[in-house]
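Survey of secondary and tertiary structure
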Amino acid sequence: MIAIWFSCGAASAWAAKLTIERYGYTHDIRLINNPVAEEDPDNQRFARDVGDWLGVKVEQATNPKYPDNSAVSVWDHEKYMSGVAGAPCTKLLKKHARQAWELEHKPDFHVLGFTAEEKDRHDRFVLTERPNVIPALIDARASKADCFAEIRKAGIELPAIYKRGYPNANCIGCSKATSPTYWNHVREKDPEVFVDRAEQSRRLGCRLVRVRGERKFLDELKTTDQGLPLKNMDFECGIFCEERAA
Ligand code: SF4
């Protein structure tokens, strides 16, 4: 059985298509998503469209301890939003949900959305986390841009969050992000989310943003503060990214 971990991003959608084409006749293929309430609601529309396109039901792996699947609830409960050991929302809403699914279903192989330019990351992952990963996109030499193009070619509307200029289909106002550019983007595109994150992070004592090397509260961030361009950011909330923080 092959478990395809579908993040509602273009890369894992195209990885699913390639995997089904190649192994659909010989393997039981499962497509699994971890929904998080703070993601753009259009992510789930995209998941339905991808499931219809591939003819596979998209399953949801969730943590029963957090029935609302909410990162905001996790942050309040854990009293922190992100730290040296990672973000508690990834651990509780993704890692624990995935482990429960793996325990129950025992997949033989995994497919993740590592693109051709992420080969080093994939190789590290295979060495340190799971040896049984099928590098569907790397074998096909598919870059991130190729994945976007293929999904568009299939006539599937990409998740709305990309059109609003975000670098990935993560939660809006992701607690892993430290870039002033990212947080000013959230302030511009989703001002109510920015206000909520600023309030909660101040209340919990989390300085989420780093400005010229110094950690600051979001309510101290100036609209003129800048960091790396959004397209260079790499804080994707991968489904396995907290594995070693067990
Ligand atoms: S995308 Fe960010 S906020 Fe959402 S679960 Fe992952 S680390 Fe947490």
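Keep in mind the model is a prediction, meaning the values are calculated, not measured.

Conventions used here
- Residues numbered from 1 in each chain as written.
- Predicted model: local features only at pLDDT ≥ 70, side-chain atom pairs only at ≥ 80, totals over all residues.
- Axes fitted to C-alpha atoms, helices over the stretch in contact; angles between N-to-C directions.
- Helix = DSSP H or I, 4+ residues; strand = E, 2+ residues; numbered from the N terminus.
- Parallel < 35°, antiparallel > 145°, perpendicular 65-115°, else oblique.
- Left-handed = near helix turned anticlockwise from the far one by under 90°.
- Contact = placed C-beta atoms within 7 Å.
- Nonpolar A, V, L, I, M, F, W, Y, C, P; charged D, E, K, R; others polar.
- Expected span 1.5 Å × (residues − 1).
- pLDDT = per-residue confidence, 0-100.
- Pairing = 2+ DSSP bridges.
- Core = buried A, V, L, I, M, F, W, Y, C linked by C-beta atoms within 7 Å.
- Buried ≥ 20, exposed ≤ 12 C-beta atoms within 10 Å, placed from the backbone.
- Right-handed = clockwise from strand over helix to strand, strands pointing away.

**A word on the packing of helix α3 (residues 71–78) against helix α4 (residues 88–105)**
At a minimum axis distance of 9 Å, the contact between α3 and α4 shows a crossing angle of 120 degrees. By the angle between their axes, α3 is oblique relative to α4. The handedness of the crossing between α3 and α4 comes out as right-handed. Along the contact surface, α3 presents A71, V74, W75 and E78, while α4 presents P88, C89, L92 and L93. Across the contact of α3 with α4, the residue classes tally to seven nonpolar, no polar and one charged.

**With respect to α4**
Under the 1.5 Å per step criterion, the end-to-end length of α4 is 25 Å for 18 residues, consistent within 8% with the ideal 26 Å. Packed against the buried residues of α4 are β2 (29–33) and α3. With its phi angle positive at about 45 degrees, K106 sits one or two positions after the end of α4.

**Details of the confidence of the model for the protein chain**
Chain-level pLDDT for the protein chain is 91 on average; 93% of the residues reach the 70-or-more range. By mean pLDDT, helix α5 (residues 119–128) is the weakest element of the protein chain at 90, and helix α10 (residues 191–204) is the strongest at 98. Note on residues 242–246: pLDDT under 50 across the span, and ten contacts to partners over four residues away in sequence or across chains.

**Section: the sheet that holds strand β3 (residues 58–60)**
Spatially, the four strands line up as an open sheet ordered β3-β2-β1-β4, and their pairing is parallel. Taken across any chain shown, the strands that pair with only one partner, and hence form the sheet edges, are β3 and β4 (109–111). Looking at each pair of strands side by side, their axes are set apart by 35 degrees on average, direction ignored. Pairing geometry for strand β1 (residues 2–5) and β2, over four bridges, is parallel. The partner of A3 across the bridge, within β2, is R30.

**A closer look at the nonpolar core**
The nonpolar side chains of a soluble globular protein tend to be buried, and buried together. By size, the foremost hydrophobic cluster in this structure holds 57 residues, and its most contacted members are I4, F6, W14 and A16. Once residues lying within four places of it in the same chain are set aside, the contact partners of A16 are I4, F6, L31, V50 and L54.

**Remarks on the pairing of β2**
The two faces of a sheet get side chains in turn, since along a regular strand they alternate between them. Once the chain exits β1 it traverses helix α1 (residues 10–23) before rejoining the sheet at β2, and the crossover so formed is right-handed. Relative to β3, β2 runs parallel, the two being bridged by three bridges. In the sheet register, N33 faces β3, and the bridge partner there is Q60. Taken together, β2, helix α2 (residues 42–54) and β3 constitute a β-α-β crossover, and its handedness is right-handed.

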